[in-house]
Structures are given as structure tokens and as C-alpha cells.
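# Fold and geometry: a report
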Amino acid sequence: MVENNEFEADILTLTDEDGVEKDFAVIGDLEIDGNNYLALVPNDEEGDEFVILKIAVDEDGNEMLVTIDDDDEFDKVADAFEDELMEEFDHDGCGCDCDHCEK
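Computed from a predicted structure; not experimentally measured. (Residues numbered from 1 in each chain as written. Predicted model: local features only at pLDDT ≥ 70, side-chain atom pairs only at ≥ 80, totals over all residues. Heavy atoms only, no water.)

## Some thoughts on the sheet that holds strand β4 (residues 51–57)
Under the convention used in this document: One requirement defines pairing of two strands: DSSP has to find at least two bridges between them. To qualify as a helix, a DSSP run of H or I must reach at least 4 residues; to qualify as a strand, a run of E must reach at least 2; elements of each kind are numbered from the N terminus. Axes here mean lines fitted to C-alpha atoms, for a helix over just the part in contact, with angles spanning 0 to 180 degrees between N-to-C directions.
Taking strand neighbours across the sheet as the criterion, the 5 strands line up as β1-β2-β3-β4-β5 in an open arrangement whose pairing is antiparallel. Every other strand in the sheet has two partners, leaving β1 (11–15) and β5 (63–66) as the edge strands with one partner each. Sheet twist, expressed as the average angle between the axes of neighbouring strands with direction ignored, equals 45 degrees. Pairing between strand β2 (residues 21–32) and strand β3 (residues 35–42): 8 bridges, direction antiparallel. The partner of A25 across the bridge, within β3, is V41.

And the structure:
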């Protein structure tokens, strides 16, 4: 489980269960089936891999980020993020003659 108090920031500093802090850039957020999720990439690493965490509320009413333990839920959310992020990437001025690109 990872806790955080600033979901609106573009860069989040997350602390894992071992107390290790790491910065992540928020690359997307989605609401699926009444739950909210964030897609994050480590701020200090290159590559196309991203982390998906679910926004949950603890017993004190504080928001926190948690891993998704259910495989079906994770697959559904991962597919949705991949579709959204690839659409953004593919049609953000790709130079083709399609109607979707920003030129």
C-alpha cells in the first residue's frame, strides 16, 4: 500500500511500505465502475512502462493509493489506460492526414 495526500499534482512523491520515497509523474487518471485510478511513471526512469494505482479511502477517511490485487480489475483498468494513452500519443500531431490529429 502506498499513501499520498496530493493527487492533483503532476509529480507525486510516494512512500512504499518500507518507507522508501520515490517521485512519479501522473500521466493519466480514469474513473471506471465508480472507482478512480491513476497511471504513473517513475520520474527518474526512461521507458514506456507505467504503474496503475487505485485511489482508496482508509478507515479515517483519508485518500491513499493502493495496488490493484484483483487480476480482472487490473486487466480492465490497464486496457482502458492503454487505449486512452495510445490514442493521445497516436493522434497528437502524428503528421498523417487523418481527421484526429492536431496539426
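## With respect to the packing of aromatic side chains
Inclusion rule: Two rings from Phe, Tyr or Trp (for Trp, the six-membered ring) form a pair when their centres sit within 6.5 Å of each other. Planes less than 30 degrees apart are called stacked, planes more than 60 degrees apart edge-to-face, and all others tilted. Think of it in three bands: with a 1.4 Å probe and only protein chains considered, a residue is buried below 20% of the maximum accessible area for its type, exposed above 50%, and partly exposed in between.
All chains considered together, the criterion is met by 1 aromatic pair. On the numbers, 6.4 Å between centres and 70 degrees between planes, the contact of F50 with F81 is edge-to-face. Linking F50 in the loop between β3 and β4 with F81 in helix α1 (residues 71–90), this pair joins segments that are 31 residues apart in sequence. When its relative accessible area of 22% is taken as the criterion, F50 is described as partly exposed.

## Here's the deal with the pairing of β3
Within β3, 6 of the 8 residues are buried, leaving the element largely enclosed by the surrounding structure. Summarising the sheet, β3 and β4 pair through 5 bridges and their orientation is antiparallel. Note on β4: the bridge partner recorded for Y37 is K54.

## Quick look at a negative patch on the surface
Quick note on the threshold: Residues qualify for a patch when their relative accessible area is over 30% and they have no salt bridge, like charges being joined within 9 Å and the nonpolar side chains of Val, Leu, Ile, Met, Phe, Trp and Tyr within 5 Å. The Shrake-Rupley method, run with a 1.4 Å probe, gives the accessible areas here. Residue values count only the displayed protein chains as cover. For salt bridges, the criterion is a side-chain nitrogen of Lys or Arg within 4 Å of an Asp or Glu carboxyl oxygen. Only four residue types enter the charge count, namely Lys and Arg as positive and Asp and Glu as negative; His and the chain termini do not. Charge positions come from single atoms, namely NZ of Lys, CZ of Arg, CG of Asp or CD of Glu.
Residues D69, D70, D71, D72, D75, D79, E82, D83 and E87 make up a contiguous surface patch of negative charge. Mapping E87 onto the fold places it in helix α1.

## Notes on the pattern of salt bridges
Two side chains that carry opposite charge are able to pair once their charged atoms sit near each other. One pass over the structure, following the stated rule, counts 2 salt bridges. Among the salt bridges present, the one from D33 reaches K76, with a minimum N-O distance of 2.6 Å. Of this pair, D33 sits in the loop between β2 and β3 while K76 is found in helix α1, placing the two residues 43 residues apart along the sequence. E73 serves as the salt-bridge partner of K54, at 3.0 Å between the closest nitrogen and oxygen. With K54 in strand β4 and E73 in helix α1, this pair connects stretches of sequence that are 19 residues apart.

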